[in-house]
Amino acid sequence: MVVSRDDFSIAIRSAFLKKGVKQKFSLLALIIASIILLSLEVINSKSLNFVRSAVKDVIYRTSFVTSIPGNSIVSAFTKIQNYFEVYEEYETTKSKLKQLENQQNQINYLKIENDKLKKIINNTDIYSHESITTKVLMDKKSPFLKSVILNKGFKSGLKRGMPVLDGSYFVGRITEANYLSSRVLLINDLNSKIPVLIEPMGYQAIMSGGGDKQALLEFLPKNHQLEVGSVVYTSGTGGVFFSGIPIGRVELVGKKFHVKFFSDLNQLYLVNVITSKLIGSEQ
Amino acid sequence: MVLFRKSFVSRFFSLIPLLILFFLAFNETDFNFEKLSFLSFNLIYIVIFYWVLKNPDILGYGFIFLAGIVNDVIIGLPIGVSPITYLVLAGFAAYVRYLTVEPSLIYDWIVFVPSIAVTNSVYFYILIIFFDIKVNHIALALNTGVTILLYPFIGILFNFLFKIIIVQKNV
């Protein structure tokens, strides 16, 4: 390859401006189109949002259909694996069931006591809010960005910012609500920052996603005496979420305190999205 | 009838790179292994670079642009980030194509290194500077490294496909 200044400019011009035999657009034209698209992302208008939402819905649905063959193969493998683990699980489940029966009796007692206390402090919690159960349509499992797509959108009442639960555990919040689908930013994403409350000490902190299975606890009080195993809940600070939704337990990794989530974020299938409506409240 | 069948077979083989590109852009099961992040690689980059270098008419720039939009929507990035990065990579490939007299896989591989480095830098800085989206730069660097290492192996497979396409066209 011999490169003189003329060759360089000719090659650049040919590469970016020239269209091939079957090409309809030049590279430069498409790069400009991409920059325009990127600029439009910053603009927040009703008509643009509608177009964006429609395009995303179509792509999500198409992606769901095209991933069916691949997913079927993966699920077939998982099923075979599961059959091998059935007996082992049966034994474990049997012993757990006995433990649970004992715990159930304790829970019943605590529930009655809790109801009495709640009446006294007149507080509301996550269980007194309406929730919408949705299915995880897609889980990209990217090592860079941690988010999942739900199969319900603003048509079903989902809105941006709503907390998402796996069972009763907090797993993320809605960052994008389309007409028929929505995106959940998971709590382990690098861009996730959640105000949390650590019990029984009552410390407030910010839980930052670490991009993997754990999240880092930041902005803890000075001279804190945080204990490993303490339970982390949403604090409800700033009115972003309801308070008291369990997230995970405190773990010490190196010299930093992390949160090990109660929920396995790689296995999300059906999740509950908590709406802001109270049960029994007027529409 | 025979002519129709020949043209159909030739067309089908020419469409394979495009089908791979859109399958990867649309499909959920990609090559980002969460548990083995050091093994993640970006096959789309290899597909784009290889086929634009070999014959840009097989993988049109318009389709690359569309695949980028699909990828952005699926991953959840601002729409336009992937099209720019893909087109920058295609630009590198097209530039090298105009300068290369005797193409060889080893030479393509060497050129692929700076191309993917610049492309991923563009991707990284657009997300950080314009949209304030954090990206795990270690995972991205590993992904880039593995993609570079795998280029010659996947290139050999694509060479077979390229030969089949040429043979089918000349039949």
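Visitor: Any chance you could explain the overall build of chain A here in plain terms?
Guide: For chain A, the helix and strand inventory stands at four helices and twelve strands. For chain A, the proportion of its 283 residues judged to be buried stands at 28%. In chain A, once contacts between residues fewer than 6 apart in sequence are set aside, the share between residues at least 24 apart is 55%.

Visitor: Where do I start with the overall build of chain B in this structure?
Guide: When its secondary structure is counted, chain B shows six helices and zero strands. In sequence order, chain B lays out its α and β elements as α-α-α-α-α-α. Per-residue burial for chain B yields a buried fraction of 43% across its 171 residues. Nonlocal contacts in chain B, meaning residues at least 24 apart in sequence, comprise 70% of its contacts between residues at least 6 apart.

Visitor: Help me understand the pairing of strand β11 (residues 256–261) of chain A in this model?
Guide: Looking along a regular strand, one sees the side chains alternate between the two faces of the sheet. All names here are of chain A. Sheet topology note: the strand β8 (residues 214–218)/β11 ladder contains three bridges and is antiparallel. In the sheet register, L216 faces β11, and the bridge partner there is H258. The pairing of strand β10 (residues 246–253) with β11 spans six bridges and is antiparallel. Bridge pairing in β11 places V253 opposite K256. Between β10 and β11, which pair antiparallel and follow one another directly, the connecting turn spans two residues, one of which, G254, has a positive phi of 70 degrees.

Visitor: So what exactly am I meant to see when it comes to the interface of chain B and chain A here?
Guide: Reports often express the size of an interface as the amount of accessible area lost when the parts come together. Facing the 40 residues of chain B at the interface are 46 residues of chain A. Those elements that place two or more of their residues in the side of chain B that touches chain A are α1 (2–26), α3 (61–75), α4 (81–99) and α6 (137–170) of chain B. Per element, the largest residue contribution to the side of chain B that touches chain A is ten residues, and it comes from α4(B).

Visitor: Help me out: how do you make sense of the nonpolar core in this one?
Guide: Generally speaking, nonpolar side chains in soluble globular proteins are found buried as a group. Judged by nonpolar contacts, the single largest core of 48 residues is most densely connected at I48(B), F49(B), L87(B), L89(B) and A90(B). Elements with a contribution of two residues or more to this core: α2 (27–42) of chain A together with α1, α2 (43–54), α3, α4, α5 (105–131) and α6 of chain B. At twelve residues, α4(B) tops the list of elements feeding residues into this core. Apart from residues no more than four positions distant in its own chain, F49(B) is found in contact with L89(B), A93(B), F112(B) and S115(B). Judged by nonpolar contacts, the second largest core, of 37 residues, contains L158(A), I198(A), A205(A) and M207(A).

Visitor: Honestly, the packing of α3(B) against α4(B) in this entry has me stumped. Any pointers?
Guide: All names here are of chain B. The N-to-C vectors of α3 and α4 enclose an angle of 145 degrees; their axes lie 7 Å apart at closest approach. Crossing geometry of α3 relative to α4 is assigned as right-handed. Mapping the contact onto sequence places Y61, I64, F65, A67, G68, I69, N71 and D72 in α3 and V81, S82, P83, Y86, L87 and A90 in α4. Residues that form the contact of α3 with α4 fall into these classes: ten nonpolar, three polar and one charged.

Visitor: Just checking my understanding: could you explain α2(A) for this structure?
Guide: Residues lying three or four places apart along an α-helix face the same way, a consequence of the helix completing one turn every 3.6 residues. Residue and element names in this part refer to chain A. Over its 16 residues, α2 runs 24 Å from end to end, which matches the ideal 22 Å to within 8%, given 1.5 Å per residue. For α2, the complete set of buried residues consists of L27, L30, I31 and S34. Taken down its axis, α2 places every buried residue within 105 degrees of arc, on the same side. Across from the buried face of α2, at angles greater than 90 degrees, the exposed residues are I32, I36, S39 and V42.

Visitor: Would you explain the pairing of strand β7 (residues 203–209) of chain A in this entry?
Guide: All names here are of chain A. With five of seven residues buried, β7 is to be regarded as a mostly interior element. Alignment of strand β6 (residues 193–199) against β7, held across six bridges, turns out to be antiparallel. Its bridge partner lying in β7, I198 is registered against Y203. What sits between the antiparallel neighbours β6 and β7 is a turn of three residues, in which G202 has the positive phi angle 80 degrees. With four bridges connecting them, β7 and β8 associate as antiparallel partners. From the neighbouring strand, S208 faces β8, where its bridge partner is L216. The turn linking β7 back onto β8 is made up of four residues, and G211 within it adopts a positive phi angle of 85 degrees.

Visitor: Even after reading the chapter, I still don't get unusual backbone geometry, so can you show me in this structure?
Guide: Glycine aside, residues mostly have negative phi, and peptide bonds are mostly found in the trans state. One non-glycine residue with positive phi stands out, namely F219(A), at about 55 degrees. Its location among the elements puts F219(A) in the loop between β8 and β9 (231–234). C-beta crowding within 10 Å serves as the criterion here: with 13 such atoms nearby, F219(A) is assigned to the partly exposed category. If you check the backbone angles, D132(B) has positive phi at about 55 degrees while not being a glycine. Locating D132(B) in the fold gives a position in the loop between α5 and α6.

Visitor: Would you mind showing me how to read the packing of α2(B) against α4(B) here?
Guide: Helix packing for two helices is described by the angle between their axes and how far apart those axes are. Residues and elements named next belong to chain B. Where α2 contacts α4, the axes come no closer than 8 Å and their chain directions differ by 30 degrees. Here α2 is positioned roughly parallel relative to α4, judged by the angle of their axes. In this structure, α2 meets α4 at a crossing whose hand is right-handed. On the side of α2, the interface is formed by Y45, I48, F49, V52 and L53, while α4 contributes Y86, L89, A90, A93, A94, V96 and R97. Looking at side-chain class alone, the contact of α2 with α4 contains eleven nonpolar, no polar and one charged residues.

Visitor: Would you explain the sheet that holds β9(A) in this entry?
Guide: One key point about sheets: their strands pair by backbone hydrogen bonds, in either a parallel or an antiparallel sense. The antiparallel closed barrel is built from six strands, whose spatial order is β6-β7-β8-β11-β10-β9 (chain A). Direction aside, neighbouring strands of the sheet carry axes that sit 45 degrees apart on average.

Visitor: Quick question: what am I supposed to make of α3(B) here?
Guide: With 15 residues, α3(B) extends 21 Å between its outermost C-alpha atoms, agreeing within 8% with the 21 Å of an ideal straight helix rising 1.5 Å per residue. Immediately beyond the C-terminal end of α3(B), within one or two residues, lies G76(B), with a positive phi of roughly 95 degrees.

Each value, and the rule that gives it
- Residues numbered from 1 in each chain as written.
- Chains lettered and ligands numbered in written order.
- Predicted model: local features only at pLDDT ≥ 70, side-chain atom pairs only at ≥ 80, totals over all residues.
- Helix = DSSP H or I, 4+ residues; strand = E, 2+ residues; numbered from the N terminus.
- Buried ≥ 20, exposed ≤ 12 C-beta atoms within 10 Å, placed from the backbone.
- Contact = placed C-beta atoms within 7 Å.
- Pairing = 2+ DSSP bridges.
- Core = buried A, V, L, I, M, F, W, Y, C linked by C-beta atoms within 7 Å.
- Axes fitted to C-alpha atoms, helices over the stretch in contact; angles between N-to-C directions.
- Left-handed = near helix turned anticlockwise from the far one by under 90°.
- Nonpolar A, V, L, I, M, F, W, Y, C, P; charged D, E, K, R; others polar.
- Expected span 1.5 Å × (residues − 1).
- Arc of directions from axis to C-beta.
- Parallel < 35°, antiparallel > 145°, perpendicular 65-115°, else oblique.

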